[in-house]
Structures are given as C-alpha cells and as structure tokens.
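Inside the fold
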2 protein chains.
Amino acid sequence: MTFEDQARAAKRAAVTLATLNRVAKDAALNAMADALADAERSVLDANLRDVDRAREAGTSDALIDRLRLNPQRVDGMVGGLRDLARLPDPVGDVVRGWTNANGVQVRQVRVPFGVVGIIYEARPNVTADAAGICLKSGNAALLRGSSSALESNRAVVQALRAGLEAVGLPADAVQLVEGGREVTDELMAARGLVDVLIPRGGAGLINAVVNGSKVPVIETGTGNCHIFVDASADQAMAIEILLNAKVQRPSVCNAAETLLVHAAIADEFVPKALDALAAQGVTVHGTDAVQRYSDQVVPAGPDEFDAEYLSLDIAAAVVDSVDAAIEHIRDHTTGHSETIVTNDRVSADRFVAQVDAAAVLVNASSRFVDGGEFGFGAEIGISTQKLHARGPMGLAEMTSSKYIVTGDGQTRP
Amino acid sequence: MTFEDQARAAKRAAVTLATLNRVAKDAALNAMADALADAERSVLDANLRDVDRAREAGTSDALIDRLRLNPQRVDGMVGGLRDLARLPDPVGDVVRGWTNANGVQVRQVRVPFGVVGIIYEARPNVTADAAGICLKSGNAALLRGSSSALESNRAVVQALRAGLEAVGLPADAVQLVEGGREVTDELMAARGLVDVLIPRGGAGLINAVVNGSKVPVIETGTGNCHIFVDASADQAMAIEILLNAKVQRPSVCNAAETLLVHAAIADEFVPKALDALAAQGVTVHGTDAVQRYSDQVVPAGPDEFDAEYLSLDIAAAVVDSVDAAIEHIRDHTTGHSETIVTNDRVSADRFVAQVDAAAVLVNASSRFVDGGEFGFGAEIGISTQKLHARGPMGLAEMTSSKYIVTGDGQTRP
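Residues numbered from 1 in each chain as written. Chains lettered and ligands numbered in written order. Predicted model: local features only at pLDDT ≥ 70, side-chain atom pairs only at ≥ 80, totals over all residues. Heavy atoms only, no water.

In terms of domains, chain A is made up of domain 1 (3-89 + 109-220 + 388-402) and domain 2 (225-368). The straight-line distance from the C-alpha centre of domain 1 of chain A to that of domain 2 of chain A is 35 Å. (Domains from an automatic or database assignment.)

This is how it looks when you write it as structure tokens:
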C-alpha cells in the first residue's frame, strides 16, 4: 500500500470515527487494550529483535533503554488505553452558542480534526498512547515511528487494529506508516489528506518537521526552562523548587536548565544553591559571576544558555534585576515553562506579564506543567507554539470545531 | 531598513503592546482614526497615483475598483478603527482555571500572539482594518500589501503610525513591508520573529503562502459553498435561501457556488430554481440531469464543481439522496460553509454530523457565516483550516494563551 493509499484509507476511517459516540469509542479503547494484553508475548519478541538489531548497530545504551519494552511497559500501554476509556469525550462539547436577533441559532461544537499524523522517535509505547488519544478524540492516526522500533511498532499496531476490528470499527483508523525517508516527506506534504502533524521527540526531529511540512504542525516539546530567584525570594523555598525542577526527572522538557539569581542575594544564595545542587550530583555551568563562589563550577560556554541539557547539568548566571532576568529569558527561552521565585508582588506580576512562554510559574516547580498534573488525564505533548494550543495538550486540544447554524428560512438583507 | 530589522522592531513593539490595558489601546485606535481622517487628502492623492499606474499597466476594471479609494471608503476605514475601540478587549480573558489538590493554582489567560504578518492583495482598506484588529488584540502588525497599492498603503500606514506616536506608543507596532518578491519569502521564513501569518485574498495567494511559509499560517477564505435542497424541503424557502446565498453579494467567500437537488423533487424544484435564478441574471452550469429542464442551462465542465465563480454563475447537479449530497460535498468542498434546506430531522442531523466544514447551515443562508453577522464586531477573515480557529475570526481568534501557575513552594513528589 502506498502512503497515499494509507492516507486515503485513514480519511475514510475518520469519517466513521467522527460520528461515534463515547460508548462506542470507549468500547474500542478497551478492545484495543484487551488485544494488546493478549499480544504481549509477540510484542516483547518483536521488541527483542529491535533491541538486538540496535545493539548490533552500536546504538547507545540510553537509546536502547528508550527502545526496550518489558512486561511492565506493555502493561503501562494497556493501562493507558483503559485510562483513556474513563475520560470524558471532548467531541460534541458546545464551546459557545447564541441566538442572533433574527432568530438564527449558532453553536460552536468540538469536532475531530480528521486524520492526525504523529512522527516520533524510538519509544514504542508512544505507538499505543498516540493511537489511543487519537481514537478517543475521534481522529484517525497515521503513526510514523522510528525505523529502530519497526518490529515493535508493527506488533503493537497489529494488536490495536485487531481490537478495532473486534468491535466492528475500521482498522485503518490506526495505521503504521512504514518506508524510507521519502515517506516522511510524503506525510509532510499531504496537505488535504492529513489535517495536522505532531512531531514528538528531540529538537532535531521537531525542527525538521516544522521546516519541512506543508501540513499544519503543532510544535511540541523543547524546554529550555529558567528559574529566576528574585531578591525577595524565600531562599529555602527557592532551593526546594530548584532541586525539584532540575533533579526530579532531568530528561524531560519541563525540567529546569538555567538558574538566574538576583545580584542582591547572590553572595548568600549562590553558595547554598551550589552546595544543594552538588549534593544531588548536578554539575553547574556558570558565568564568571557564578564561578567566583566555587571552583566546582564549570565555565559556561557561549551556547550553553540556549540548549537543553536534559541531564544533571544546569547553566547559571547572576542578573541585576527582574527586568534583566526577563530580558535574559526573552533572548534564550524556547517558550515552554519559566519560573520566578519571589515574595514581591510587583516582581511576580511583571514576570508573569512580560515573559512569553506557554507557562509562567510563581513559587512552584516547572515539573507541574504537564497534562497529567493539570488533570487532563492524557497528554499528546506540550505545545510550545502559539497557534491552536499552547502548553500541555489533552483531548480537547486534539479537536477542531465546527459552527452549526440553524434557522427557519432566514436570509441576509 | 531590512526586513529583519523591521521584524525585530515589530517584536520590540509587541512587548509593549502585550501589557497595554484596554483604555490605552482604545486611545491608540481613536488616535489612529483621527490621524487617518486628517490624512484623507494625502491618502486619496496617493491612491490616485496607484490607480493611474494600474490603468497604464492595463489592469482590469474589477481590480482597479478594488484598488480605488474615495472619501466614503476612507471614512469607512476611520469608522472601522473607532468601532474597534468600542469592542471588548480579548487579552487577559481567563479561558479556564482551577486549583490542583496540592493548592497549585492554574489559570489559562488570553495573550497576544506577538507579531502578526498579513499578506494581502489590492484593497488598501485592508491596511487600516488589519492594523486596527492587530492593535486591539495586542499584536504588532507587519503588513505586506500589494505593490499595486504601494502609495496608498504608505499613506495609510504613515497616518496610523502618527496616531500611535500621538499617544506615546511605538510606531513600529504597525509597519508596511515593502520590497520585491524576495521580501515575501523572508516574511514566510521568519519563524521565531513572526508568530503567525494570515494571507487575505484569492486562492492563488493563499496557496502560495500555505505552501511557502515556515511561519504558522491561518488559511482563510476560499469558499466553494454548496446548497443541498432535500426531498422534504420547503421549496419556497429553498428558493429564497438559494437566491440570497448566490445573488446578495456574489463576490464573497460565503456566497453559494453549487446547487444540489434531491432527485425526488428535481422535476418540481429544478424548473422553479432555474426560473428564479434566471430572473436574477444567474447563469446555471448544469449536469445533463439539470440541462434537461431548460436550454438556458450551460453544460458544466469537468472542473466547475471545484471552483469558486464569485460571480452570477452557479453549478448545479441532481443527487439521489442526502448521502449522495454529503459525498458530493466531501469530494468538492473547500471546507467553508455548506447548507441543507430540509424539513426532515434525520436528514438535517446527518448532514450536520457528516459534512466537514467550518460552518454547516440548516435552513439559513450561508451569507450569515461572517464575523459581523456572528456579532464578533470585527473580522480578520474566515478560517477554512482546522487548527487554531475555524470559521469567522474575531478578536479572540487573534490571541494565543498562557498558563499562569502559582503556588507557595509546591514541588512534584
């Protein structure tokens, strides 16, 4: 089957999905979960073949860890599908509505996008998560996984499709897009067949999709997140938030990557912060003003304030004021999550108003910027763009809307 | 000034605009209106030079009509700016908010996009309209008008900038982007400097921007709108809606372009429809099944069901069922506004659920799908894409949002 055939089949399946009620979609999700649980053995076998192939190709241990499935991870995928079945259905929600003076009634109602393409890297669990979120939001999914996970993805998708068929729904609502690089290009060029593309993965993948796609893209993920500790901050609180944001899970996009400290408290706060970070095994990459406080601080290179470490490393600088912190963030932010720790109302308001990011936090850890923590129940990613959805994307963000206009013969004068 | 300098200046101005309250923005809009009213003479002189140049270049009368300004059209631009000052400010609206179990408070608040690029064709009144809508929604505007309207646009923008300066705001909040084709390419490539691009104009312009832009685009405008007259329709009502949608203003995107008639009533309805359309000077381009009823019907060519006439022409076909109508629309729609005239509840529900368009109408004219008719007060265009905004775009659709997360030291376990 060519890519275009796949996309057309997805579009046909999407017509069916768009009019399913919640009961039917939840039955499908549970059937997909059942089928995936039944297929655990074949999924794990397929995954072993992927892992062996990756190892032979000299793949890094970190990447192999992301690629590897085990019974717990398969259970996680199965449980994720069942969790989705317990969430409310966004489709059909009336966003707003009114009656015009002439009696014409207007309602804006949530509808599925139609066909959603997901381009992602080595984690095979994304396959089930993304397919489930698309199904619950009434969208057909074209899943473009990594070639390194091909056998695992095939086994997962085969199970999910069997689940769909078990409840009489079109299997083509969930398809794996296979083939070389040119197929990714076809997916990105498929305007009119694919309604939205969501890249999930590292900055390289996301930039390639953003720059190459004619299909509308929702940009997710890169988070060069700052913590600014203001002069008025509760310093003990600032240390707690700093450690949580940096250490609790360093590999994720809402983890802290840069510490900015107000000059007025640098002599007092920076040494405490350096000790606390060192105790957690964090390497600090600092400017001259930070290096003064400890010879453990590594000099920060010129680009270090622009990149995500995604590891136990953090960049650090001293700034002269809230405005200087805002300015630094404006120059280096990826627009994900930016934090101020302060007890000063004016500083907090200024930071919140002027920092341009999906989320701005006052006295709380940036690790809270997450669909699960926001209570969305499911998350397809965290949007760092301004169009359509910004911040954690749950089921509602996986929908478009349609105006339904009803009258009894009204015409425009 | 290079384009990049202009875009950076717009970005700096956007920082100021983002934190203005409504009083300040309304004062700016009124000052822009005053300055434009004062500049009427120089705007009309500049326009005369554009019109003369266009005439020498052999431009069509229709295009020259779009290009031409007169005192009434300048008054319309001035009045449009004052009307915007009377509308509520979308910025700062709390879209939703909640408190997490741990006491962390989350609010989703509307914020401006930042810098909005508008690429448009010959009408110089778009210059003032777009600048005003951007300003009211807190966005800096980069206006890429047509070279044919260059002198008019310069005069309008000069007046608007003078108005901004009169109230102490940065003039660079409104800029005209001048230069050759390569500057349009720079604008479309300016991801990171420009937050969203909105093309306004014909299908050619819109497709060029959609296909060429790396900046996120909101697609507006093309409307191949269908009217399906069901077997159960009130036929007098159907004629009224058909005439209104086709004739009241044929050149706009929400005008009807195709008539579909249920076969069960074709013998009775089609002759009435043909007479009524002929009486209004409408040429019908029909399939064989329609040509049977009158030798005035022109045979519809193979592509006529796919194009907008935007004139007193309409394509017509007979279909066997609601499903066949839905199928025809699925194959030919541009996703703008699709109408059913019916007294059958099941047909109406089916059509509403299955037709995939920004607006679906039951027993009302598609001419109602319009920001003004929807009560939005202002409209930047009608989106025919599914991402971000779908249907008429008012001020709220010209904003993004930001999550504001506040706590008293919470960290993630």
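Attention now goes to the relation of the copies chain A and chain B. For the pair chain A and chain B, the superposition axis carries a translation of 0.0 Å, the fit reaches an RMSD of 0.0 Å, and the rotation angle comes to 180°. Given the turn and translation reported, the copies of this chain are related as if by a two-fold rotation axis. Measuring from the rotation axis to each C-alpha of chain A, the shortest distance belongs to H388 of chain A, at 1.7 Å. Of all interface residues in chain A, 99% are interface residues in chain B too; the two copies therefore contact each other through one and the same surface. (Least-squares fit on C-alpha atoms with pLDDT ≥ 70 in both. Contact = heavy atoms within 4.5 Å.)

Residue and element names in this part refer to chain A. Taking burial as the measure, the six residues of strand β3 (residues 115-120) include six buried ones, the bulk of the element. Burial along β3 is two-sided: the face carrying V115, G117 and I119 and the face carrying V116, I118 and Y120 are both buried. With five bridges joining them, β3 and strand β4 (residues 140-144) adopt parallel strand pairing. Bridge pairing in β4 links I119 to R144. A crossover links β3 with its parallel partner β4, the connecting element being helix α6 (residues 125-136), and its sense is right-handed. Bridging between β3 and strand β6 (residues 196-200) involves five bridges; their strand directions are parallel. (Buried < 20%, exposed > 50% of the residue type's maximum accessible area, 1.4 Å probe, protein only. Helix = DSSP H or I, 4+ residues; strand = E, 2+ residues; numbered from the N terminus. Pairing = 2+ DSSP bridges. Right-handed = clockwise from strand over helix to strand, strands pointing away.)

Taken together, the contact pairs 69 residues of chain A with 68 residues of chain B. A buried area of about 5,800 Å², summed over both sides, lies between chain A and chain B, and 54% of it is on carbon and sulfur atoms. A per-residue breakdown of the area chain A buries against chain B is headed by L387, Y403 and R412 of chain A, which together make up 14% of the total. Where chain A touches chain B, the interface holds eight salt bridges. Between E397 of chain B and R96 of chain A there is a salt bridge; the shortest N-O distance is 2.8 Å. In this structure, the connection of chain A to chain B is made through 45 residue pairs in polar contact (both at pLDDT 80 or more). Of all the secondary structure elements, the ones that give two or more residues to the side of chain A that touches chain B are β1 (94-99), β2 (105-112), α9 (203-212), α10 (235-247), α14 (345-354), β13 (359-364), β15 (391-393) and β16 (399-410) of chain A. Sorting elements by how many residues they give to the side of chain A that touches chain B places β16 of chain A first, with 11 residues. In the side of chain A that touches chain B, the residues fall into 32 nonpolar, 21 polar and 16 charged. (Buried area = accessible area lost by both parts, 1.4 Å probe. Salt bridge = Lys/Arg side-chain N within 4 Å of Asp/Glu carboxyl O. Polar contact = N/O pair within 3.5 Å; in protein donor to acceptor, adjacent residues only side chain to side chain. Nonpolar A, V, L, I, M, F, W, Y, C, P; charged D, E, K, R; others polar.)

Let's shift gears to the side chain of S213 of chain B. Residue and element names in this part refer to chain B. Locating S213 in the fold gives a position in the loop between α9 (203-212) and β7 (225-229). Classification of S213 by relative accessible area gives buried; the value is 10%. Here V215 takes part through its backbone oxygen, which lies 2.7 Å from a polar atom of the side chain of S213.

With that out of the way, let us pick up α9 of chain A. All names here are of chain A. Listed as buried for α9 are L205, I206, V209 and V210. In an axial view of α9, the angular spread of the buried residues amounts to 125°, which keeps them on one side of the axis. Contacts made by the buried residues of α9 are with β3, α8 (181-189) and β6. (Arc of directions from axis to C-beta.)

The next subject is empty space enclosed by the protein. Residues and elements named next belong to chain B. Taken as a whole, this structure holds one cavity of 30 Å³ or more when the rule is applied. If you add up the space inside the largest cavity, you get close to 40 Å³. Taken together, L259, V261, V270, L274, L277, V284, V290, A316 and A317 make up the lining of the largest cavity. In terms of residue count, helix α11 (residues 266-279) provides more of the lining of the largest cavity than any other element does, three residues in total. (1 Å grid on protein atoms, 1.4 Å probe; cavity = no way out; pocket = protein on both sides within 12 Å on 5 of 7 lines; lining within 4 Å. Points joined across faces, edges and corners; volume = space filled by probe spheres on them.)

The strand order across the open sheet formed by 10 strands is β10(A)-β9(A)-β11(A)-β8(A)-β7(A)-β12(A)-β13(A)-β16(B)-β2(B)-β1(B), and the pairing between neighbours is mixed. Where the open sheet ends on each side, the last strands, each with one partner, are β10 (298-299) of chain A together with β1 (94-99) of chain B. In terms of strand pairing, strand β2 (residues 105-112) of chain B meets strand β16 (residues 399-410) of chain B through eight bridges, oriented antiparallel. The residue of β16 of chain B that forms the bridge with Q108 of chain B is Y403 of chain B.

So, about the UniProt feature "domain: Aldehyde dehydrogenase" (unreviewed entry) in chain A. UniProt's entry tags residues 7-279 of chain A with the feature "domain: Aldehyde dehydrogenase" (unreviewed entry), counted in the numbering of this structure. Annotation note: span residues 7-279 of chain A, helix share 52%, strand share 16%, distance between end C-alpha atoms 52 Å. (UniProt positions renumbered as here; feature names shortened; annotations may be inferred.)

Core analysis: the biggest nonpolar cluster contains 76 residues, and F3, M32, L36, I118, L142, L143 and V194 of chain A have the highest contact counts within it. In terms of residue count, the dominant contributor to this core is α6 of chain A (seven residues). Counting 75 residues, the second-largest nonpolar core is a separate cluster that includes L17, L20, V210 and L395 of chain B. (Core = buried A, V, L, I, M, F, W, Y, C linked by side-chain atoms within 4.5 Å.)

Turning our attention to the packing of aromatic side chains. To describe a pair of aromatic rings, one takes the distance between the centres and the angle between the planes. Overall, the coordinates contain 12 aromatic pairs over all chains when judged by the stated rule. With 5.5 Å between their ring centres and 75° between their planes, W98 of chain A and F374 of chain B make a pair best called edge-to-face. Here W98 of chain A, found in strand β1, pairs with F374 of chain B, found in the loop between β13 (359-364) and β14 (381-383), and the two come from separate chains. Between W98 of chain B and Y403 of chain B, the aromatic rings sit 6.4 Å apart at their centres with planes inclined by 65°, giving edge-to-face as the arrangement. Taken as a pair, W98 of chain B in strand β1 and Y403 of chain B in strand β16 lie far apart in primary sequence, 305 residues in all. Looking at Y403 of chain B, the relative accessible area reads 0%, which means it is buried. (Phe/Tyr/Trp six-rings, centres within 6.5 Å; stacked < 30°, edge-to-face > 60°.)

Residues and elements named next belong to chain A. Note that R144 resides in strand β4. C-alpha of R144 to C-alpha of G117: the two residues are 27 residues apart in sequence and 7.2 Å apart in space. Within the local environment of R144, its side chain forms a polar contact with the backbone oxygen of G180, the two atoms lying 2.9 Å apart.

Attention now moves to the side chain of K386 of chain A. Mapped onto the secondary structure, K386 of chain A falls in the loop between β14 (381-383) and β15. Given a relative accessible area of 13%, K386 of chain A falls into the buried group. A polar side-chain atom of K386 of chain A sits 2.7 Å from a polar atom in the side chain of D356 of chain A. Look past the residues within four positions of K386 of chain A in its chain and what remains in contact with it is D356 of chain A together with F113, D195, H388 and S400 of chain B.

Attention now moves to the packing of helix α2 (residues 22-38) of chain B against helix α7 (residues 150-166) of chain B. Residues and elements named next belong to chain B. Viewed as axis vectors pointing N to C, α2 and α7 meet at an angle of 135°, and their least axial separation amounts to 7 Å. Taken together, the axis directions place α2 and α7 in an arrangement best described as oblique. Crossing of α2 against α7: the hand is right-handed. Contact residues: α2 offers A28, A31, M32, A35 and L36, while α7 offers V156, A159, L160, G163 and L164. Looking at side-chain class alone, the contact of α2 with α7 contains nine nonpolar, one polar and no charged residues. (Axes fitted to C-alpha atoms, helices over the stretch in contact; angles between N-to-C directions. Parallel < 35°, antiparallel > 145°, perpendicular 65-115°, else oblique. Left-handed = near helix turned anticlockwise from the far one by under 90°.)

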